[in-house]
Amino acid sequence: MTRLKILAVADPAVKVYVDDKYNILGQFEGKDTEIIFDIVPWESYFPTMMKAFEGHEDYDIVMVAGHLWLADFANKGYLAPIGYDFEDILPVIAKEMQYNETTYLSPSFCDGHMLVYRKSILEGALKKLPQEVIHVDELIEIANTLKAAGISNVLALKAHQSEILLDALPYLRSSGVDVYSEKDNFTICNIDQMTDGFEKYLSLRSFAPKDTHTYGNDEIKNLIAQKETAMAVTWSGQLGAVLKECIQAEDLGFATFDTAWNVTWSFAVTSASQNKQKAEAFLSYLRSKEVDKLTGEYSGAPVRRINYIEGSEKFPWYKVQLKMIEDYAKPFINVLGVGVKNDILYEEIHHAFINKKDPVEALLNAKSRIDSI
């Protein structure tokens, strides 16, 4: 019997694979395969994954945050090429699975910026609902209007140090540049040009709970589900978990940013795997229309167009999410050493958020440290 060992991130969307109700692993295990599915918390996921790549763990398959890590891992030889027909996987996602025209990844679910709000609260204060796609300035205007109307718990921010870079990203991008860009075939960090956008993000602290700097996925999910915040920005791959526990789910409205970012959490076969053929067969099963439908309903973020179309009435955010993925979400460029570089950004941005550093000082420090790598 073949044994496949899989490393996955502890995201609510990933729990579907080990949920006895769906028996996704069990239906494949019947084919003479034993599957070991290890789920590791986000805070410790990257170093655990690196141990696998360095030969200290024997994983056949690891979850990779799409384009965020792909270039770096492919260049270092960590991943084995895989081949398959993309069928009706969204073309933008199919493109994300490739680096230098070689396919390395198999998509699982998407994580893109989604604004979730209580329709009753916003309509009562604004006399209308937001458009499906908004600019960050509009969110700030809405927050100010809600606060002036006496609304408490206006907004929650996912501002834990392990989350804050990507939570702040739509605001940073409102400056008109991206965190990374390429100049003369060299990747540069533009974080020092993002002061205005960063100040916009920091201004939202006045609308958020005092401990919002400790919030990750679970805290945001609970606030939305328990109707303890009027608005929050979360990942599309969290929406399934939100809806499962939600009070008055029909009261939720959804929007996205015109500066949104989306990443497709995906599976990759490690170069060191001794079971590459079986691993590819397993990934083919996981990205099938039927499994994608199940995982999409569970996470809130499928990867096949047919499942967005067929599920749009049951899952009202699918329409907004599809627009975000196809028309607005802009990935990072390929950045080598991105894990180390982003760790610096997480740290410096969080220091400014908790008033440990001046915002301009934090951004300048971040650029200087990244440029020195």
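Just so you know, these numbers come straight off a predicted model, no measurement behind them.

**Side note on the pairing of strand 13 (residues 262-269)**
Move 1: Within strand 13, eight of the eight residues are buried, which leaves it mostly tucked inside the rest of the structure.
Move 2: Here strand 13 shows two buried faces, one formed by Asn262, Thr264, Ser266 and Ala268 and the other by Val263, Trp265, Phe267 and Val269.
Move 3: Note: strand 3 (residues 61-65) against strand 13, five bridges, orientation antiparallel. Each residue of the ladder has a partner; that of Ile61, found in strand 13, is Val269.

**So, the packing of helix 8 (residues 195-203) against helix 16 (residues 359-371)**
Move 1: Closest axis-to-axis distance for the helix 8/helix 16 pair is 10 Å, and the angle between their directions is 125°. By the angle between their directions, the pair helix 8 and helix 16 is classed as oblique. When the axes of helix 8 and helix 16 are compared, the crossing they make is right-handed. Contacts between helix 8 and helix 16 involve Thr195, Phe198, Glu199 and Leu202 on the former and, on the latter, Pro359, Val360 and Leu363.
Move 2: Residue composition of the contact of helix 8 with helix 16, grouped by class: five nonpolar, one polar and one charged.

**As for the nonpolar core**
Move 1: Formed by 140 residues in total, the largest nonpolar core has its most connected members in Tyr45, Trp69, Tyr201, Met231 and Phe282.
Move 2: The residues contacting Tyr201, other than those within four sequence positions of it, are Leu157, Lys158, Ala159, Ile164, Asp167, Ala168, Tyr171 and Phe353.

**Describing the side chain of Thr229**
Move 1: Tracing the chain through its elements places Thr229 in the loop between helix 9 (217-225) and strand 11 (231-235).
Move 2: Only 3.5 Å separates the side chain of Thr229 from the backbone oxygen of Asn153, close enough to count as a polar contact.
Move 3: Among the polar contacts made by the side chain of Thr229, one reaches the main-chain carbonyl oxygen of Met231 at a distance of 2.8 Å.

**Here's the deal with the environment of Ser206**
Move 1: You can see Ser206 is positioned in the loop between helix 8 and helix 9.
Move 2: Since its relative accessible area comes to 47%, Ser206 is described here as partly exposed.
Move 3: Each C-alpha atom, one on Ser206 and one on Lys293, is 40 Å from the other, the two residues being 87 residues apart in sequence.
Move 4: A distance of 3.0 Å separates a polar atom in the side chain of Ser206 from the backbone oxygen of Ser203.

**Points about a negative patch on the surface**
Move 1: A contiguous patch of negative charge, built from Asp196, Glu199, Asp358 and Glu361, is present on the exposed surface.
Move 2: Within the secondary structure, Glu361 is located in helix 16.

**Things to note about unusual backbone geometry**
Move 1: A positive phi is found at Lys127, a non-glycine position, where the angle reads about 65°.
Move 2: The exposure class assigned to Lys127 is exposed, which follows from its relative accessible area of 68%.
Move 3: Even without a glycine there, the phi angle at Asn153 is positive, about 55°.
Move 4: Locating Asn153 in the fold gives a position in the loop between helix 6 (136-148) and strand 8 (155-156).

**So, the packing of aromatic side chains**
Move 1: Applying the stated criterion to the full structure yields 29 aromatic pairs.
Move 2: Seen in terms of ring centroids, Tyr17 and Phe37 are 5.7 Å apart; in terms of plane orientation they differ by 35°. Their pairing is tilted. Placement of Tyr17 in the loop between strand 1 (2-9) and helix 1 (24-29) and of Phe37 in strand 2 (residues 33-40) is noted, with a sequence separation of 20 residues between them. The two residues Tyr17 and Phe37 agree in class, both being buried.
Move 3: Relative to Trp317, the ring of Phe254 has its centre 5.5 Å away and its plane inclined at 55°; by these criteria the two rings are tilted. Here Trp317 lies in the loop between helix 13 (305-311) and helix 14 (318-328) and Phe254 lies in strand 12 (residues 252-257), a separation of 63 residues in the sequence.

Rules behind the numbers
Per chain, the residues get numbers from 1 upward, laid out in the order the sequence is written. This being a predicted model, a pLDDT of at least 70 is required before a residue's local features are given, and a value of 80 or more before pairs of side-chain atoms are given or counted; all residues contribute to the totals for chains, interfaces and linings. Each side-chain value is worked out from all heavy atoms of the structure, with water and hydrogens disregarded. Three exposure classes are used, based on accessible area relative to the maximum for each residue type with a 1.4 Å probe and protein chains only: buried under 20%, partly exposed in between, and exposed over 50%. Note on conventions: DSSP H or I runs of at least 4 residues are helices, E runs of at least 2 residues are strands, and numbering of each starts at the N terminus. Two strands qualify as a pair provided DSSP detects at least 2 bridges between them. An axis is simply a line fitted to the C-alpha atoms; with a helix, the fit covers only the stretch in contact. Between two such axes, the angle follows the N-to-C directions and lies from 0 to 180 degrees. Note that the term roughly parallel is reserved for angles under 35 degrees, roughly antiparallel for angles over 145, roughly perpendicular for angles of 65 to 115, and oblique for everything else. Crossing handedness: left-handed means the near helix sits turned counterclockwise from the far one by under a right angle, and right-handed means the same turn made clockwise. It only takes one pair of heavy atoms within 4.5 Å for two residues to be counted as in contact. Under the grouping applied here, Gly and all other residues not named as nonpolar or charged are polar, the nonpolar ones being Ala, Val, Leu, Ile, Met, Phe, Trp, Tyr, Cys and Pro and the charged ones Asp, Glu, Lys and Arg. Think of a nonpolar core as a cluster: buried Ala, Val, Leu, Ile, Met, Phe, Trp, Tyr and Cys residues, connected wherever their side-chain atoms sit within 4.5 Å. Pairing of N or O atoms within 3.5 Å defines a polar contact, subject to two protein rules: one partner must be a possible hydrogen donor and the other a possible acceptor, and residues neighboring in sequence count only if both atoms are side-chain atoms. By definition, no residue in a patch forms a salt bridge, and every one has over 30% relative accessible area; like charges are joined within 9 Å, nonpolar side chains (Val, Leu, Ile, Met, Phe, Trp, Tyr) within 5 Å. Each accessible area value is a Shrake-Rupley result obtained with a 1.4 Å probe; residue values ignore everything except the protein chains displayed when judging cover. In the sections that follow, a salt bridge refers to a side-chain nitrogen of Lys or Arg positioned within 4 Å of a carboxyl oxygen of Asp or Glu. Only four residue types enter the charge count, namely Lys and Arg as positive and Asp and Glu as negative; His and the chain termini do not. Each charge is placed at NZ for Lys, CZ for Arg, CG for Asp and CD for Glu. Paired rings are identified among Phe, Tyr and Trp, the last through its six-membered ring, by centres lying within 6.5 Å, and are further divided according to the angle between planes into stacked (under 30 degrees), edge-to-face (over 60) and tilted (the rest).

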